[in-house]
Amino acid sequence: MPDAAPTLLWFRRDLRLADNPALTEAIRRGRPVVAVYILDDEDAGEWASGGASRWWLHQSLTRLEAALRQRGGRLVLRRGAAAEALDRLVVETGADAVYWNRRYEPWATARDQAIKATLTLRGIEVRSFNASLLREPWEIASKAGGPYRVFTPFWKALRAMGDPGDLLAAPARIAAPEIAPVSDNLDSWAMTPTKPDWAFGLRAAWEAGEDAALQRLEAFLDGAASEYANRRNFPGTNGTSRLSPHLHFGEIGPRQIWHAASFHHNEAATDQFLAEIAWREFSHHLLFHFPNLPTEPLRSEFTEFQWADDPEALAVWRNGMTGYPIVDAGMRELWATGWMHNRVRMIVASFLVKDLLLPWQLGARWFWDTLVDADLANNSASWQWVAGCGADAAPFFRVFNPTLQGTKFDPQGTYVRRWVPELSRLPDSLIHAPSDARLVDLGDAGVRLGHDYPLPVVDHRAARDRALAAFRELRAA
Ligand code: FAD
């Protein structure tokens, strides 16, 4: 067997050993397995991983390599165009089969099809599998036979398909060829941020890898899950699973989550949580069927929307210095930890698009670089949803009031106090509206507006009127 032509197993967004169909099938094939990860920035082009994702990827690959080694395997690292990297590996190892789990970004699906065609022509067996979704985007179709554009019937259809299938166990042993192909050194990929405080914040907030993902799921199901429906909107509590980066990198798969959630609790407790997993499925469904989702509004009339051109306002938003505490807290949480609570993502996104009238694509770009869970499907679909131009979107004319959102979802100001410490001594009644506070209250709390904390970058009421006027203009046109 050591001399048999090996199987190349191409790891991508499936950085785990359990419930990994490509890995299971590669082992089942009975030949040595050469596991490879290719840093394919060239193929991804403008959607190459951003800074925070690269930090995560480095940690995740380290964990994966260790897990493979424990079982007798290796992880070969290569970089460059995937077609060429695979070509070289086929020649170097004599592999006669290449297996992988599918991805759904338009650049990846086009590339993978081309690779499959070329390798097949050369007599290499190519097989691909689903490790990232409960169902493939093409398996779910509306009654009219096309893709869904509305979430609720999509979720109903997904649910009606029932259990997504049995889980695959992690292999106990992985047979590697006697001589492993040369591998890049992970450090040479320079994926750790050069700003030392950034890397420090990410490290303090997260532990990457399959083991950490499974532990997080278990801790969530044993704890916050039972109150998820009530607490998931309150950023000052630990009310959500924080599984998003693990899911994005495939350190855990949605089938594992589905099974664990279905068996762990009664249905009422996990129903809302599974609905969020279904939003992830819906976003991938949209990206697959509408490949321009990351750049073009799904509602084409929004192409003509008159956005503002205001780099200074964009910088203020990015830096968490808008003068609206809940917005600034969110943007600072994002910078410090690579993650932001979902409710606050909606608030900061609405603020960018409606209060600052800046194009959603600029916000999505910043998220792309700073989120550890930056995901082309979820990020694009969510930004379009907030901007009102997406499938099943919140209507544009529904404009979040950031002060009211703050008082409603962070009533004691726990979240704002954590991320905007210069306001921490303000009483609960003023924490979300420092610009409404009397000088004496500000003085008592040690805040000089415009000095310690900025004055509001825009007046929300005036900004709302401006946004609605722009929207009316669009409708009239
Ligand atoms: P939980 O509440 O525990 O949910 C469990 C899982 O369901 C999440 O891990 C995630 O995979 C999925 N999920 C939850 N909400 C959504 C949603 N609205 N859309 C799609 N999937 C969802 N999520 C990303 O994974 N990557 C992104 O780049 C991303 N960008 C976003 C941008 C904006 C403007 C907004 C409003 C939302 C974005 N989301 C994104 C969705 C959501 O905010 C995060 O998935 C969620 O906050 C992750 O935290 P959690 O794991 O604790 O979620």
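**A few points about the overall build of the protein chain**
Here is step 1 of the chain: Within the protein chain, the secondary structure is distributed over 21 helices and five strands.
Here is step 2 of the chain: Its C-alpha atoms give the protein chain a radius of gyration of 24 Å, within 12% of the compact-globule value 23 Å for 477 residues.
Here is step 3 of the chain: Its C-alpha atoms give the protein chain principal-axis dimensions of about 80 × 50 × 45 Å.
Here is step 4 of the chain: If you take every contact in the protein chain between residues at least 6 apart in sequence, the share linking residues at least 24 apart comes to 80%.
Here is step 5 of the chain: Put simply, the protein chain shows about 20,500 Å² of open surface, and 51% of that area lies on carbon and sulfur atoms.

**Concerning the pairing of strand E5 (residues 125-129)**
A regular strand carries its side chains on alternate faces of the sheet.
Here is step 1 of the chain: Two elements, strand E4 (residues 97-101) and E5, share five bridges in a ladder whose sense is parallel. Pairing of Val98 across the sheet is with Val126, part of E5.
Here is step 2 of the chain: Considered for its hand, the β-α-β crossover made up of E4, helix H5 (residues 106-121) and E5 is right-handed.

**Looking at the side chain of Asp112**
Here is step 1 of the chain: Examined against the element boundaries, Asp112 turns out to sit in helix H5.
Here is step 2 of the chain: Within the structure, the side chain of Asp112 is placed 2.5 Å from the side chain of Arg12, a separation counted as a polar contact.
Here is step 3 of the chain: Side chain to side chain, Asp112 and Arg111 meet in a polar contact 3.0 Å long.
Here is step 4 of the chain: Contact partners of Asp112, with chain neighbours within four places excluded, come to Trp10, Arg12 and Trp100.

**Structural notes on the environment of Ala212**
Here is step 1 of the chain: Relative to the elements of secondary structure, Ala212 occurs in helix H8 (residues 210-222).
Here is step 2 of the chain: Separated by 40 residues in the primary sequence, Ala212 and Ile252 place their C-alpha atoms 9.5 Å from one another.
Here is step 3 of the chain: Discounting chain neighbours no more than four positions away, the residues touching Ala212 are Glu207 and His246.

**Here we look at the site of the ligand**
Here is step 1 of the chain: Looking at the ligand, there are 28 residues lining it, with Tyr228, Thr240, Ser241, Arg242 and Asn342 nearest.
Here is step 2 of the chain: One nitrogen or oxygen atom from the side chain of Glu276 is found 3.2 Å from a nitrogen atom belonging to the ligand.
Here is step 3 of the chain: Arg280 places a main-chain nitrogen or oxygen 3.4 Å from a nitrogen atom of the ligand.
Here is step 4 of the chain: Protein burial of the ligand: of its 820 Å² of free accessible surface, 96% is covered by the chains.
Here is step 5 of the chain: Element by element, the count of residues in the shell around the ligand is highest for helix H12 (residues 267-289), at six residues.
Here is step 6 of the chain: For the shell around the ligand, the residue count by class is 14 nonpolar, eight polar and six charged.
Here is step 7 of the chain: Here the shell around the ligand spans two domains, and each of domain 2 (133-165 + 209-289) and domain 3 (300-476) adds at least three residues to it.

**Looking at the domain arrangement of the protein chain**
Here is step 1 of the chain: Looking at the protein chain, the domain boundaries give domain 1 (7-131), domain 2 (133-165 + 209-289) and domain 3 (300-476).
Here is step 2 of the chain: In this structure, domain 2 and domain 3 have C-alpha centres spaced 26 Å apart.
Here is step 3 of the chain: Counting from both sides, the interface comprises 22 residues of domain 2 and, opposite them, 22 residues of domain 3.
Here is step 4 of the chain: For the pair domain 2 and domain 3, the summed buried surface comes to about 1,800 Å²; carbon and sulfur atoms form 61% of the total.
Here is step 5 of the chain: Area buried by domain 2 at its contact with domain 3 is led by Asn233, Pro235 and His248, which between them contribute 29% of it.
Here is step 6 of the chain: Between domain 2 and domain 3 we count zero salt bridges in total.

**Structural notes on the packing of aromatic side chains**
Here is step 1 of the chain: Taken as a whole and assessed by the stated rule, the structure comprises 32 aromatic pairs.
Here is step 2 of the chain: The interplanar angle of 75° and the centroid separation of 5.7 Å between the aromatic rings of Trp279 and Phe282 together place this pair among those described as edge-to-face. Of this pair, Trp279 and Phe282 are both found in helix H12, three residues apart, which corresponds to roughly one turn of the helix.
Here is step 3 of the chain: Given the relative accessible area of 28%, Trp279 is considered partly exposed.
Here is step 4 of the chain: Taking relative accessible area as the criterion, Phe282 reaches 1% and is therefore assigned buried.
Here is step 5 of the chain: Of note, Arg242 hangs over the ring of Trp339, and the distance from its end group to the ring centre comes to 4.3 Å.

**Focus: the sheet that holds strand E3 (residues 75-79)**
Here is step 1 of the chain: Read from one edge to the other, the open sheet built from five strands follows the order E3-E2-E1-E4-E5, with strand pairing classed as parallel. Looking along the sheet, the strands with just one partner apiece sit at the ends: E3 and E5. Strand-to-strand twist of the sheet, defined as the mean angle between neighbouring strand axes without regard to direction, takes the value 25°.
Here is step 2 of the chain: Looking at chain direction, strand E2 (residues 33-39) and E3 are connected through five bridges and run parallel. Directly across from Val36, in E3, lies its bridge partner Val76.
Here is step 3 of the chain: Where helix H1 (residues 21-28) meets the sheet, it contacts strand E1 (7-11), E2, E4 and E5, and its direction lies at approximately 155° from that of E4.

**Quick look at the pattern of salt bridges**
If the charged atoms of two oppositely charged side chains come close together, the side chains can form a pair.
Here is step 1 of the chain: The tally for this structure, following the rule as stated, stands at 24 salt bridges.
Here is step 2 of the chain: Two residues, Arg28 and Glu25, come together in a salt bridge whose shortest N-O distance is 2.8 Å. A residue pair is termed a helical-turn pair when its members lie 3 or 4 positions apart in one helix, as Arg28 and Glu25 do in helix H1 at three residues.
Here is step 3 of the chain: Since its relative accessible area comes to 58%, Arg28 is described here as exposed.
Here is step 4 of the chain: Its relative accessible area of 18% is what places Glu25 among the buried residues.
Here is step 5 of the chain: With a closest N to O distance of 2.9 Å, Asp43 and Arg111 form a salt bridge. On the criterion of sequence distance, the pair formed by Asp43 in helix H2 (residues 41-44) and Arg111 in helix H5 is long-range, its members being 68 residues apart.
Here is step 6 of the chain: What you see here is one network of salt bridges that share partners, running through Arg12, Asp40, Asp43, Arg111 and Asp112.

Calculation notes
Residues numbered from 1 in each chain as written. Predicted model: local features only at pLDDT ≥ 70, side-chain atom pairs only at ≥ 80, totals over all residues. Heavy atoms only, no water. Helix = DSSP H or I, 4+ residues; strand = E, 2+ residues; numbered from the N terminus. Rg over C-alpha atoms; globule rule 2.2 N^0.38 Å. Contact = heavy atoms within 4.5 Å. Areas by Shrake-Rupley, 256 points an atom, 1.4 Å probe, with all protein chains shown as cover. Pairing = 2+ DSSP bridges. Right-handed = clockwise from strand over helix to strand, strands pointing away. Polar contact = N/O pair within 3.5 Å; in protein donor to acceptor, adjacent residues only side chain to side chain. Near = heavy atom within 4 Å. Nonpolar A, V, L, I, M, F, W, Y, C, P; charged D, E, K, R; others polar. Domains from an automatic or database assignment. Buried area = accessible area lost by both parts, 1.4 Å probe. Salt bridge = Lys/Arg side-chain N within 4 Å of Asp/Glu carboxyl O. Phe/Tyr/Trp six-rings, centres within 6.5 Å; stacked < 30°, edge-to-face > 60°. Buried < 20%, exposed > 50% of the residue type's maximum accessible area, 1.4 Å probe, protein only. Lys NZ or Arg CZ within 6 Å of the ring centre and 35° of its normal. Axes fitted to C-alpha atoms, helices over the stretch in contact; angles between N-to-C directions.

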